[in-house]
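Structural overview
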Amino acid sequence: MNLLQVKQLKNFINGSWVEASTGDTAAVTNPATLETLVHVPLSSESDVKSATEAAKKAQKQWALVPAPQRAEVLYKVGLIMKERKEKLSQLLTMENGKVIEEARGEVQEGIDMAFYMAGEGRRLFGQTTPSELKDKFAMSVRAPVGVVGIITPWNFPIAIATWKSFPAIVAGNAVVWKPATETPIMAYELAGIFEEAGLPKGVLNVVFGSGSEVGESMIDQNDIRVISFTGSNEVGRGIAAKCGQRLKKVSLEMGGKNGVIVMDDADLDLAVEGILWSAYGTSGQRCTACSRVMVHEKVKDELEERLQREIAKLSIGNGLDETIKVGPIINRSGLEKIQNYIRIGKEEGAKLLTGGYIMENGNHKKGNYFAPTLFTDVSPEMRIAQEEIFGPVVSLIPVKSFEEAVEINNSVEFGLSSSIFTRDVNRVFAAQRDLDTGIVYVNAGTTGAEIHLPFGGTKGTGNGHRDSGVAALDVFTEWKAVYVDFSGKLQRAQIDVE
Ligand code: UN1
């Protein structure tokens, strides 16, 4: 089956597939094989301008379409994605490297989001509230912001795009979308699905290209009123600063340093499974990936042993092979970043139990593979325990108590996800209260957020907004307060009140 019908992707602007004005392109590489899959356009400001103009024009009409009808398009998008799930999953594995089972999970996340947000077409609830004056009616409604800009990462190229574009579209906005250049195929497919589902032209526009060119010019467009970004902390801070100057609303999700707490009363079989899945799944390239384990000293030795035993069984390779559990790293610079952290960890005095190297023998030579890595005797202030590595690297940090574990968990710059393995119900409730992260799991790893709950985090993870769930609507709508006075006379609030 030839999954890719084209060799050269195009932008999708005002309902047409068009080349970038620059004519420049870049190769997109399969990280499992290093083969070129396709070429992606590298657009410039003039492409962003055309997309923004198209979006602005289309949005005026789109906002007048009743929300339940806007939602019909999302239902269709969900149905087409469902019908095409296997093809999309395989393409996702090819461009991103995640193993096929996880790719299917990610596509499912997008399908879930389509149906969930389509349901919002018949909700989009505001509030009615009594007025302080007679014969006066008061309510608040959600109004679309207009044109929104979304910037999505390579690690969840379809799910995160749906988290942002679906709520924006159902709420009556038009979208200018810059997907990551490493993983443009999902964007190409999703835009095609919207086209098939009958989305009016200009409501969704895709402009491929770099952050420095396309991303920057999106921020510069006055008509783009919101930027919703998922990516690195460094880039996010830059976007926030520029948007701040322009009084542009900005929603950021910028990763984590997610910790699992393993207490002495934990079900260790379960804890091992949870750590393996959330740390080495997606080769650790999730914002939610577990990269620290605060383990009670009483069970430390046993956990170390069991983890090492299970890590040795992980099969690493091309994720299209159903037997593979850990796929490649997205690119060479990702591999080098991880390798650098291994060096730092060793220099800091952490003890390397297993892994710690780029895999370059046999079949692994043909792709970007990093051996699943486990450090122990890590202390909380070490850089490997503080900074986001975005690879299959876990640091075990021994602790003496629950309180110490929570304190260490909260002592990092990020606050996305955390988890605790314990059988003590009192600790469960204390943990969900005290762990300073946007997501808390009990007796599960740090990954696996469901789309109808808010996704995001505290501190350096974001800036107070959430993707996903009903909270996503707050990013893409303005609250409008509406007062209808049917008394027939001028009534002054705060003054004509008896
Ligand atoms: C991400 O890594 O940015 O909770 C998204 C999870 C997935 C989404 C991860 N549902 O791990």
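Residues numbered from 1 in each chain as written. Predicted model: local features only at pLDDT ≥ 70, side-chain atom pairs only at ≥ 80, totals over all residues. Heavy atoms only, no water.

Moving on, we get to the site of the ligand. Neighbouring the ligand are 13 residues; Glu 109, Arg 286, Cys 287, Thr 288 and Ala 449 lie closest to it. Side-chain polar atom of Glu 109 to a nitrogen atom of the ligand: 3.0 Å apart, as the coordinates give it. With respect to the ligand, the backbone of Ala 449 contributes an N or O atom lying 2.7 Å from an oxygen atom. Protein burial of the ligand: of its 320 Å² of free accessible surface, 99% is covered by the chains. Judged by the fraction of its atoms near the pocket grid, the ligand is located in the second largest pocket. Split by domain, the shell around the ligand shows at least three residues from each of two domains, domain 1 (11-254 + 462-481) and domain 2 (258-442). (Near = heavy atom within 4 Å. Polar contact = N/O pair within 3.5 Å; in protein donor to acceptor, adjacent residues only side chain to side chain. Areas by Shrake-Rupley, 256 points an atom, 1.4 Å probe, with all protein chains shown as cover. 1 Å grid on protein atoms, 1.4 Å probe; cavity = no way out; pocket = protein on both sides within 12 Å on 5 of 7 lines; lining within 4 Å. Sits in = over half its atoms within 2 Å of the grid points. Domains from an automatic or database assignment.)

This part takes up the nonpolar core. With 69 residues, the main nonpolar core has Val 77, Met 81, Phe 166, Trp 177 and Phe 194 as its most contacted residues. Per-element tally for this core: the top contributor is helix H6 (residues 184-197), with nine residues. Split by domain, this core shows at least three residues from each of two domains, domain 1 (11-254 + 462-481) and domain 2 (258-442). Apart from the residues lying within four places of it in its own chain, the contact partners of Trp 177 are Ile 150, Thr 152, Pro 157, Ala 161, Ala 187, Leu 190, Leu 204, Asn 205, Val 206 and Val 207. Ile 261, Leu 335, Ala 385 and Ala 405 belong to the second-largest nonpolar core, a separate cluster that totals 29 residues. (Core = buried A, V, L, I, M, F, W, Y, C linked by side-chain atoms within 4.5 Å. Buried < 20%, exposed > 50% of the residue type's maximum accessible area, 1.4 Å probe, protein only. Helix = DSSP H or I, 4+ residues; strand = E, 2+ residues; numbered from the N terminus. Contact = heavy atoms within 4.5 Å.)

Here we take up the layout of surface pockets. In this structure, the largest pocket spans a volume of roughly 990 Å³. Together, 44 residues line the largest pocket, and Trp 154, Phe 229, Gly 231, Ser 232 and Val 235 are the ones closest to its centre. A per-class count over the lining of the largest pocket returns 17 nonpolar, 18 polar and nine charged. Taken domain by domain, the lining of the largest pocket gets at least three of its residues from each of domain 1 (11-254 + 462-481) and domain 2 (258-442). For the second largest pocket, the calculated volume is near 330 Å³. Lining the second largest pocket are 21 residues; nearest its centre among them are Glu 109, Phe 156, Arg 286, Gly 448 and Ala 449. Of all the elements, helix H4 (residues 100-120) adds the most residues to the lining of the second largest pocket, at seven residues. Its residues assigned to classes, the lining of the second largest pocket comprises eight nonpolar, five polar and eight charged. (Points joined across faces, edges and corners; volume = space filled by probe spheres on them. Nonpolar A, V, L, I, M, F, W, Y, C, P; charged D, E, K, R; others polar.)

Here three strands make up an open sheet; going across it, the order is E5-E6-E23 and the pairing antiparallel. Bordering the open sheet on either side are strand E5 (127-130) and strand E23 (477-485), each of which pairs with just one other strand. On average, each strand axis in the sheet is inclined to that of its neighbour by 20 degrees, with strand direction left out of account. By the bridge criterion, nine bridges tie strand E6 (residues 136-144) to E23 in an arrangement that is antiparallel. In the sheet register, Met 139 faces E23, and the bridge partner there is Val 482. (Pairing = 2+ DSSP bridges. Axes fitted to C-alpha atoms, helices over the stretch in contact; angles between N-to-C directions.)

With that settled, the discussion passes to empty space enclosed by the protein. As enumerated under the stated definition, the model contains three cavities of 30 Å³ or more in all. In this structure, the largest cavity occupies an estimated 80 Å³ of space. Forming the walls of the largest cavity are 14 residues, and the residues nearest its centre are Gly 284, Ala 289, Ser 291, Glu 388 and Phe 390. Residue classes in the lining of the largest cavity are distributed as six nonpolar, five polar and three charged.

So, on to the domain arrangement of the protein chain. Partitioning the protein chain into domains gives domain 1 (11-254 + 462-481) and domain 2 (258-442). One C-alpha centre belongs to domain 1, the other to domain 2, and the line joining them spans 31 Å. Here domain 1 meets domain 2 over a buried area of about 2,100 Å², counting both sides, of which 57% is carbon and sulfur. On inspection of domain 1 and its partner domain 2, the count reaches three salt bridges. Glu 413 is the partner of Arg 237 in a salt bridge, and the nearest nitrogen-oxygen pair spans 2.9 Å. At the boundary of domain 1 with domain 2, the tally comes to eight residue pairs in polar contact (both at pLDDT 80 or more). Of all the secondary structure elements, the ones that give two or more residues to the side of domain 1 that touches domain 2 are helix H3 (85-96), H4 and helix H8 (233-245). Here the side of domain 1 that touches domain 2 takes five residues from H3, the largest share from any one element. The residue inventory of the side of domain 1 that touches domain 2, partitioned by class, reads nine nonpolar, eight polar and eight charged. (Buried area = accessible area lost by both parts, 1.4 Å probe. Salt bridge = Lys/Arg side-chain N within 4 Å of Asp/Glu carboxyl O.)

Moving on: the pattern of salt bridges. Applying the stated criterion to the full structure yields 29 salt bridges. Asp 267 serves as the salt-bridge partner of Arg 423, at 3.9 Å between the closest nitrogen and oxygen. Remark: Asp 267 occurs in the loop between strand E12 (258-262) and helix H9 (268-280) and Arg 423 occurs in the loop between strand E20 (417-421) and helix H13 (425-434); sequence separation between them is 156 residues. On the accessibility criterion, Arg 423 (60% relative accessible area) is exposed. The class for Asp 267 is partly exposed, based on a relative accessible area of 30%. Notably, a salt bridge pairs Arg 492 with Asp 496, separated by 3.0 Å at the nearest N-O pair. The partly exposed category is assigned to Arg 492, whose relative accessible area is 42%. One connected set of salt bridges, linked through shared partners, spans Glu 86, Arg 104 and Glu 322.

A few words now on the packing of aromatic side chains. The tally for this structure, following the rule as stated, stands at six aromatic pairs. When the ring of Trp 154 is compared with that of Phe 390, the centres are 5.6 Å apart and the planes differ by 85 degrees; the resulting orientation is edge-to-face. On the criterion of sequence distance, the pair formed by Trp 154 in the loop between strand E7 (147-151) and helix H5 (159-170) and Phe 390 in the loop between strand E17 (373-376) and strand E18 (393-399) is long-range, its members being 236 residues apart. The pair formed by Trp 154 and Phe 390 is uniform in burial state, with each residue classed as buried. (Phe/Tyr/Trp six-rings, centres within 6.5 Å; stacked < 30°, edge-to-face > 60°.)

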